[in-house]
Amino acid sequence: MEIYVIRHTKVDVPPGHCYGQTDVNLLNDYPDEIALFKDRIPTDLDTVISSPLKRCTFIADDFSPYYSTDDRLMEMNFGQWEMNKLDDIPKEQLQNWMDDIAHCCPPYGENLLKVQDRVTSFLNELRHLNYTKVLLVTHAGPIRCIWNYILQTPLSSTFKIPVDFGEVLHFNLGNTPKDDYIIKKV
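Residues numbered from 1 in each chain as written. Predicted model: local features only at pLDDT ≥ 70, side-chain atom pairs only at ≥ 80, totals over all residues. Heavy atoms only, no water.

Engineer: Lay out the nonpolar core with the relevant residues and their values.
Structural biologist: Ranked by size, the top nonpolar core spans 35 residues in total, and within it I3, V5, L123, L126, L136, I146 and F171 carry the most contacts. Mapped onto this core, the elements with two or more residues apiece are β1 (2-7), α3 (91-99), α4 (112-126), β4 (133-138), α5 (140-151) and β5 (168-172). At seven residues, the largest contribution of residues to this core is made by α5. Apart from residues no more than four positions distant in its own chain, I3 is found in contact with L126, V134, L136, L169, H170, F171 and L173. Core analysis: the second largest hydrophobic core is formed by 18 residues, Y19, V24, F37 and A60 among them. (Core = buried A, V, L, I, M, F, W, Y, C linked by side-chain atoms within 4.5 Å. Buried < 20%, exposed > 50% of the residue type's maximum accessible area, 1.4 Å probe, protein only. Helix = DSSP H or I, 4+ residues; strand = E, 2+ residues; numbered from the N terminus. Contact = heavy atoms within 4.5 Å.)

Engineer: Which residues make up the environment of E75, and what values do they have?
Structural biologist: Relative to the elements of secondary structure, E75 occurs in the loop between β3 (68-69) and α3. Judged by its relative accessible area of 12%, E75 is buried. Once the C-alpha coordinates of E75 and T153 are considered, the two residues, 78 residues apart in sequence, prove to be 19 Å apart. E75 has contacts with G20, Q21, R55, E110, R118, H139, A140, G141 and P142, leaving out every residue within four places of it along the chain. A distance of 3.2 Å separates the side chain of E75 from the backbone nitrogen of G141, its partner in a polar contact. (Polar contact = N/O pair within 3.5 Å; in protein donor to acceptor, adjacent residues only side chain to side chain.)

Engineer: Please set out the packing of helix α1 (residues 30-38) against helix α2 (residues 54-63) residue by residue, giving values where relevant.
Structural biologist: It is at 11 Å that the axes of α1 and α2 come closest, and there the two elements cross at 55°. Judged on the interaxial angle alone, α2 and α1 are oblique. The crossing of α1 and α2 is right-handed. The residues of α2 that touch α1, namely those facing Y30, I34, F37 and K38, are F58, I59, D62 and F63. (Axes fitted to C-alpha atoms, helices over the stretch in contact; angles between N-to-C directions. Parallel < 35°, antiparallel > 145°, perpendicular 65-115°, else oblique. Left-handed = near helix turned anticlockwise from the far one by under 90°.)

Engineer: Summarise the pattern of salt bridges; cite the residues concerned and give the values.
Structural biologist: On inspection of all chains with the given rule, the structure shows five salt bridges. A salt bridge links K133 to D44; its shortest N-O distance comes to 3.1 Å. Note that K133 is positioned in strand β4 and D44 in the loop between α1 and β2 (47-50), a separation of 89 residues in sequence. Taking the relative accessible area as the measure of exposure, K133 reaches 17% and is therefore buried. Residue classification places D44 among the partly exposed positions, given a relative accessible area of 46%. Each of D70, R72 and E125 takes part in a single network of salt bridges with overlapping partners. (Salt bridge = Lys/Arg side-chain N within 4 Å of Asp/Glu carboxyl O.)

Following this line, the structure appears as structure tokens:
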């Protein structure tokens, strides 16, 4: 099964703010940004699956009015840190999280292991569906977790993978994890 994954385009959030599962808007020029990568996505998709956050559903709707959503594609929940300036988050809390993002959670949030578990669950289920070409619209965190899943890399390497706004990843999801492979960034 061929999978195309898009990270949503730039968001309308002031620089230096923490957002994850907060349902923020895209910048007003998002249709222009979509046009920059839309021709890299095939038109013969079997399905489009999106994070339920509107910064992804706006894009999914541009590809198909019949898209579905899946909560497992949502960005990491930053709990009490959501929509706070990074500079206003207590330095010790932020440092503890950065030192062990896989296991440490923001207050009332989730850690990277939780995000990886939901993405893994989603991909394990998806591989057994009868699709040939699928488009996923999601966020940087889940996309990094997809890379981890396909490449079987440790969670400690997750943030070594750059994922830009509007970036497109193309990979093959085989019958078993041994059959998975990255095709390319498109």
